[in-house]
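Next come the chains, spelled out residue by residue.
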Amino acid sequence: MGEVEMAETEPPRPRVTDARGILQQNRAFLDFFWDIAKPEQETRLRAVESLMAYLKKSEKPDELDYTLKRLVEGLSHTREVARPGFSLALGQLLSLFEDIPLQTILDRVKERHCLEGVKKKLVRNVMFGNFFGVLALSQSTRFSKEPQVVLGCIQLLQSLPQHGEHLKDLPSKTIGDILANTPEEVFEEVLLNALRTDLSSAFRTPAQLQLLLVAMQRFPKSFTPKKLNKILGTSALITAESIPKLTELLKKAAHSVKKECVLPPVAMDLLQLSLREGNFQLFWSNVIVNGLLKDPHGPTHYLSFRLMGRALPLLSLDQLKGVLSGEVMRLYGEHVASSQKADRFKLAPEMDGYVADFLQGCEDPDKQLAVLLGFSTLTHRGNPVVPPAWRVVQHLRPQALQRYVDWLKASFLHPQPDASLDVTTRKQRNAPEEPAQKYVGIFRLRKWIVARLISLVENKQVQKEEDLVMDVARFVFFHAFFNAKAATVDIPESEGKLSAPLDSNTRAALVSSFFGLLHCMHHLPVLGEAEDDANPNQRRPHGVTADGTMWIYCLVEYAQALLNQPKYVQSTSPFTTEQSKAWDSMHESVSSLMKKAKKMATPDNNAFQQLFLLVGIHLFKSPEELLDIMQDLQNCIKKAQEKAKKKKKTAKEEEEPHWAEVVVDILLSLLSQPSRHIRQVCKSVFTSISPHVTATALTAILDVLDPDKDEEESALMVTDDQDPVADEMQEDEDGDEEEEMGEEESASSESDGEDEVMEEEGEVDQSFRLKLMEVLQEQNALATERDGSEDEEELDDEAMMKLDTGLAALFSEQKKKVEAKKMEKAKVHKEKTLLLDFKMKVLDLVEVFVSKQARSPLVLGLVEPLLTIIERSMTSDRYQQGQDFLRRVAYIFRNQLCKSKVYCRTAGDRRGELHELLDKLLSKAQKQTDPSVAPFFFSASLYLVKVLRGALPSTETKAAPSVQDLQFMGSVDVDRVTSMFREALSSFMSRRKSPLSGSMFCDLFSRFPLLCVNLVDSAVQNITSGVREHQQGQACTLVLRALQSKDVQRLMSGAPWRELCLKTAEQLAETLKQVGACDSKVVQEKVVKALELSQFLVKHIKTQKLDVDLKALQTVLASLTDSIAFKKSGQLEDSYWALVKYFGVTKPKVEKAKKPSEEAGVVAAVEKKKGFLPETKKRKNRNKQSPAEGPAPANGGLPADQGPAKKKRKNKRKRKMKQPGDGDVVAEPSPAKKAKTETADTPAKTKKVKKKKKGKRSQGGGE
């Protein structure tokens, strides 16, 4: 019956036609439209490009018609990201095929996306379909050539806002874009009359005003004053009468873009119109200042700020000065001052972008200077609101930069707070003015000016010359350490007199800023040299001028000139006689060193120059501390020069310390100062003198890093040179910012102060408890059992006052004790932080010595001290700074010392000492309690072996090492070293918790093949004798590493190699025989490693055809499947079958096991015709029930009288299985499942099952 039905239904199928023509297209062509609708932008663009290329090659008109139909329909796609893709494709298509009339496409868009009679939920999609259709037409190259189409598009856009607010101002913006690309003739002839209604109602909405402004800007001839008067009723748009209307429209526009945080285009167009009409002052004063800024702080203010930033390139010099000193600028300053908190909106980054764009595009230095001065004079209680390090200054022209620097210096000398545009917050205005506020403002302004001057030097993007840098450095140095007594031409800084004298706080800030500037100049590249001209492989000099003179030397010469003019300038802290002598001797030494450097430059000479200049310039800051250092430097230079002349030493000279040791002590003393410049100079100096460093000098450096000597007294004093003035001013500024928080938080914090003190104290100590009881007992306020009666009278007022006074004094005393403990704890923590910071600086010297003098025998003396630091710091330092220190020590030790390719090769005379040290390090590695420390000791041991061995002979000829080269061990006592490492290996294999690891010995085996040959027999023995499965697995790994080494194979070639393979095979057979059930992960790992070793061994024996008996191993492997379940570890199974493959055993193919329910009963199934529903699924028989419905038979078979009606539950499973053919059998469900399915009582469950089966049928109906 089924075959008859198929024969009747199949012939009519080709006659079915599709109105959309989908069945006539190929799959690749249809995929283009699917890709255009995808959310990924790259996919959409690629699909549009591919579609255009396909249609260009194709000559089928039906494909082009179908494409137009699909693209027009896709304009209103329900997926929003798909609409721009279809619009772009349609625009490209119209540009590609110019024979397609645009009017036809416009009619199609109107017809397909007609808004009449559309359901409410589809109105939005249809409106966007019209909008994107107009966009597609406007993107074609022929759009402006067909005026009627342009008119139709504009009329369509005008009709869209009448149907809803979905598009907002998009139609008006699109009309403006269309007008921007429309010829003036087409506008006057066709579009002007169509747009007359919108143009005449320009004061109604911001969008209509924007349309008028665009039209006036694009077609000025069509909007002369007479024509504008006919359209708008006024000859000018910005007049006194239109100010209120324009103000309201701008307010609406500001609120419409509140979420977007952008400037509305209508505001910018109005500004440009006011400049063209000459009404800028009227527009700015009435619309912006007296209009938008009168509203509360919000969107209208942000519009004004953005408009000011965008207007900078358009304004003249006078207009710039007026705007930047007006009300908009003042309110912007209030916004910056009150928006310092993280959760508040900040417009400052956006304004910085506006200023940067203006400075980058402006060529007029006067305008650049005006804008920069406008923002620099915007102050908050004396401090400018813009940061000192302002990136926009990098766009200044050199002329404007020089004038700006001159203005900063003049403002420093003659600060004028009244001339600045000072802003205050609301609470600051209401608070009474303090008398010292003026001086605080002057201090803040001067501090900001100095920071701005230094930032101009630090910013590498600023185009500056050497004269400007030196001018800034001289100015800061002069006012930090000198006062002008009279003006002189030789010293330009003396000509400027201070209107307000510099106080001690300002001096301290200047001193700190000067040394920061000195550090910046130390890293300053050569000015005037282009980076492209420099050789990339050549190191560029830093800290010098174009002629090679150091910047610090220029400043020392300037200081010498100032000291030689006592008539005109005076030092703030005049030198004493000894200090003056030290300065003069320093200057003479530097001059003599420079003369010698001209003849022959040496690193020592350069190092002493830097040290003398560094100590000399710091004499102005702390002369008492550096006077002794200067004297030591003088002695050092004398000794260094005498040593070069005579080689013999007297007994007295031998007792004196070496000059390098004195220099190292000086460097350590200087490093105790918290200065980045001193740190860099000390590192550079130590690099120069590192070849002359002695063991005593190196010991002095290591003593500083020794953890055991932290608690001992040291001659070094680590100082903290924090600027208290800066801290005070920072706290003051923070207090100003916190005024906006309100008074509630401060009140609550004060009320909880005493409670927090008691909570932090924890348990009250016994002495405080006793004192409290005494105070209460003195006033009879402590109730006891004897006097605790109910009728006890209360204390009188006098007694209560005495009690309150006593309690207040007691708690005040306790609070002071708690605060003292806090201060002591903070002091200890601060001292530890300073000490760690000092040690980090000293580590610079160690790193320099290890990297620059790696061949020196003195490097060997660093091994034990560095290991001691690592060992002690691993458990003691828990702070982050301590962890950073430990991490850096470990990096220097492991990567720059142990793993360095350059090492000491002249240690033959210290052979016995190094062997003792090697034995000591290996013993310590085995005794470590922390497993993370042991690798460092083992790495040091390998480093010592490498030093004792020296370089291989083959490294000099760059040839492959021979057997003799592999046997070469230099000064290594092979037997002694082998016994040491054998003992360590035995310790690792016999201890349950050993700090050693297998990777350490793998490293040993790979780096020293001869030691590997001597130790491999121990490793083979431990395959079975290891204390645990982990050690046995590690032994397998070690043996595998040894067998894989080509060098080991060459050293053991012949009978030793065959014997090693035989012994390894026996040990593997023995260890695999002991394996039981692999229940634990450790046992599995051991078996995997043993199988990997066996695989390599068997493969090697088979390949090399060695005479090794593998029968025992083969027998064990054959019985291994009985004790191991491979299902638990796929790696274990793969390793096993990869091994037995070499014995001719292949992995059997595993057939898919049938489930027990499927094996219960199997009956012959009636063949189901594909494509036809069974009888029970047909609508006429769907609700019929079988005559008898009972439980399923026990054997799982199907009774003959139940027919196909009982196959409802089985169809679901049959669809998942393969369709049976003639003779095939199909498994039925288990009896339990069948009974459960057929005896469902609840109607709800039956209904649910029917729904599910219906869904399945709909999914598989096409099969």
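Computed from a prediction, not measured in an experiment: that's the story for all the values here.

Our next topic: the overall build of the protein chain. Along the backbone of the protein chain there are 57 helices and seven strands. Across the 1263 residues of the protein chain, 44% fall into the buried class. Accessible surface, the protein chain as shown: approximately 68,900 Å² in total, 50% of it carbon and sulfur.

Side chains of R196, K226, K227 and K230 sit close together on the surface and give a patch of like positive charge. The greatest single-element share of the positive patch, amounting to three residues, is contributed by helix α12 (residues 225-232). Note on K227: relative accessible area 39%, which makes it partly exposed.

Taken N-terminus to C-terminus, the directions of helix α7 (residues 123-139) and helix α8 (residues 147-159) make an angle of 155°; their axes are 10 Å apart at the nearest point. Classified by the interaxial angle, the pair formed by α7 and α8 is roughly antiparallel. In the crossing of α7 with α8, the sense of the turn from one axis to the other is left-handed. Note on element contacts: α8 touches α7 through C153, L156 and L157, opposite N130, F131, V134 and L137. Across the contact of α7 with α8, the residue classes tally to six nonpolar, one polar and no charged.

So, about the side chain of Q368. Structurally, Q368 can be placed in helix α20 (residues 365-376). Here Q368 falls in the buried class, since its relative accessible area comes to 0%. For Q368, the contacting residues outside a window of four places in its chain are F358, L359, C362, H395, L396, R397 and A400.

Attention now goes to unusual backbone geometry. Despite not being glycine, C261 shows a phi value in the positive range, around 55°. Mapped onto the fold, C261 is located in the loop between α13 (243-256) and α14 (265-277). For C261, a relative accessible area of 32% puts it in the partly exposed group. With phi around 55°, K1105 is a residue other than glycine that occupies positive phi space. Turning to its location among the elements, K1105 is positioned in the loop between α51 (1081-1104) and α52 (1111-1120).

Now for the sheet that holds strand β2 (residues 383-384). Across the sheet, three strands lie side by side as β2-β1-β3; this open sheet has mixed pairing. Here the strands that pair on one side only, and so sit at the sheet edges, are β2 and β3 (421-423). In this sheet, β2 lies alongside strand β1 (residues 378-380) in antiparallel orientation, the contact comprising two bridges. Following the sheet pairing, H380 is matched in β2 by N383.

Let us look at the packing of helix α39 (residues 863-876) against helix α42 (residues 934-949). At a minimum axis separation of 10 Å, α39 and α42 run at an interaxial angle of 170°. As the angle between them shows, α39 and α42 are arranged roughly antiparallel. Note on element contacts: α42 touches α39 through F936, F937, A940 and Y943, opposite V863, L867, I870, E871 and M874.

Another aspect to go through is helix α9 (residues 170-180). Of all the positions in α9, only P171, T174, I175, G176, I178 and L179 are classed as buried. For α9, the elements touching its buried residues are α7, α8, α10 (184-200) and α11 (206-218).

Let us look at the environment of L64. Topologically, L64 is positioned in helix α4 (residues 61-74). Exposure remark for L64: the relative accessible area of 18% places this residue in the buried category. In the structure, L64 is positioned 29 residues away from L93 in sequence and 9.4 Å away in space, judged by C-alpha atoms. Among residues more than four places away in sequence, those in contact with L64 are L93, F97 and I100.

Counting all residues, the mean pLDDT for the protein chain is 80, and 79% of those residues have values of 70 or more. Taken together, the stretch residues 784-792 has pLDDT below 50 and engages in two contacts with residues farther than four places along the chain or on a different chain. Here residues 1158-1169 is a poorly scored stretch, pLDDT under 50, and it has 18 contacts once near neighbours within four places are set aside; other chains count.

Our next topic: the side chain of N279. Within the fold, N279 resides in the loop between α14 and α15 (280-289). Among the polar contacts made by the side chain of N279, one reaches the side chain of E277 at a distance of 3.3 Å. Apart from residues no more than four positions distant in its own chain, N279 is found in contact with I238 and S274.

Our focus in this paragraph is the pattern of salt bridges. Per the counting criterion, the structure on display carries 23 salt bridges. Ionic pairing is found between K409 and D471, a salt bridge with its closest N-O pair at 2.7 Å. Linking K409 in helix α21 (residues 398-413) with D471 in helix α24 (residues 466-481), this pair joins segments that are 62 residues apart in sequence. Residue K409 shares its accessibility class with D471, and that shared class is buried. Among the ionic pairs, D844 bridges to R888, the shortest N-O distance being 2.5 Å. One end of the pair, D844, is in helix α38 (residues 797-852); the other, R888, is in helix α40 (residues 880-898), and 44 residues separate them in sequence. Residue D844 is classed as buried on the basis of its relative accessible area of 5%. One network of salt bridges, with partners in common, ties together R679, D844, E847 and R888.

So, about the environment of S76. Within the secondary structure layout, S76 lies in the loop between α4 and α5 (82-96). Sequence-distant contacts of S76, defined by excluding residues within four places in its chain, comprise R83, H113, N125, V126 and G129.

Quick look at the packing of aromatic side chains now. As enumerated under the stated definition, the model contains 37 aromatic pairs in all. Each ring, one from F187 and one from F223, has its centre 6.0 Å from the other, and the planes form 40°; the classification is tilted. A residue pair is termed long-range when its members are at least 10 positions apart, and F187 in helix α10 and F223 in the loop between α11 and α12 qualify at 36 residues. Assessed through its relative accessible area of 7%, F223 is described here as buried. Centre to centre, the rings of F481 and F515 are 6.4 Å apart; their planes meet at 75°, and the pair counts as edge-to-face. One end of the pair, F481, is in helix α24; the other, F515, is in helix α25 (residues 504-522), and 34 residues separate them in sequence. Side by side, F481 and F515 carry an identical accessibility label, which is buried. Among the aromatic residues, those joined into a ring-pair cluster are F477, F478, F481, F482, F514, F515, Y558, F575, W583 and F620.

This next bit is on the environment of E189. For E189, the location among the structural elements is in helix α10. Classification of E189 by relative accessible area gives exposed; the value is 63%. Note: C-alpha distance between E189 and P147 (42 residues apart in sequence) is 8.9 Å.

Rules used in this analysis
Numbering of residues begins from 1 in every chain and follows the order in which that chain's sequence is written. Thresholds applied to this predicted model are a pLDDT of at least 70 for local features of residues and 80 or more for the giving and counting of side-chain atom pairs; totals over whole chains, interfaces and linings are not thresholded and use all residues. Each side-chain value is derived from all of the structure's non-hydrogen atoms; neither hydrogens nor water enter the calculation. Secondary structure elements are defined from DSSP: runs of H or I of at least 4 residues count as helices, runs of E of at least 2 residues count as strands, and each element is numbered from the N terminus. The buried label goes to any residue with under 20% of its type's maximum accessible area, the exposed label to any with over 50%, and the partly exposed label to all in between, with areas taken from a 1.4 Å probe on protein chains only. Residue exposure ignores everything except the shown protein chains as possible cover, and the areas themselves are Shrake-Rupley values with a 1.4 Å probe. Exposure above 30% relative accessible area and the absence of a salt bridge qualify a residue for a patch, where like charges join within 9 Å and nonpolar side chains (Val, Leu, Ile, Met, Phe, Trp, Tyr) within 5 Å. For this analysis, a salt bridge means a side-chain nitrogen from Lys or Arg found within 4 Å of a carboxyl oxygen belonging to Asp or Glu. Only four residue types enter the tally: Lys and Arg on the positive side, Asp and Glu on the negative side, with His and both chain ends excluded. To locate a charge, take NZ of a lysine, CZ of an arginine, CG of an aspartate or CD of a glutamate. Helix axes use the C-alpha atoms of the stretch in contact, all axes being lines fitted to C-alpha atoms, and the angles between their N-to-C directions lie in the range 0 to 180 degrees. When describing relative orientation, an angle under 35 degrees is termed roughly parallel and one over 145 degrees roughly antiparallel, while 65 to 115 degrees is termed roughly perpendicular and anything else oblique. Should the near helix be turned anticlockwise from the far one by less than a right angle, the crossing is termed left-handed; should it be turned clockwise, right-handed. Note on contacts: a residue pair qualifies if any of its non-hydrogen atoms lie within 4.5 Å across the two residues. Under this grouping Gly is polar, as are all residues other than the nonpolar Ala, Val, Leu, Ile, Met, Phe, Trp, Tyr, Cys and Pro and the charged Asp, Glu, Lys and Arg. A pair of strands is treated as paired once DSSP finds two or more bridges between them. Values of pLDDT, the confidence the predictor places in each residue, fall between 0 and 100. N or O atoms closer than or at 3.5 Å make up a polar contact, with two conditions inside protein: a donor-capable atom paired with an acceptor-capable one, and, for residues adjacent in sequence, both atoms drawn from side chains. Pairing of aromatic rings covers Phe, Tyr and the six-membered ring of Trp, with a centre-to-centre limit of 6.5 Å; geometry is then stacked below 30 degrees between planes, edge-to-face above 60, and tilted otherwise.

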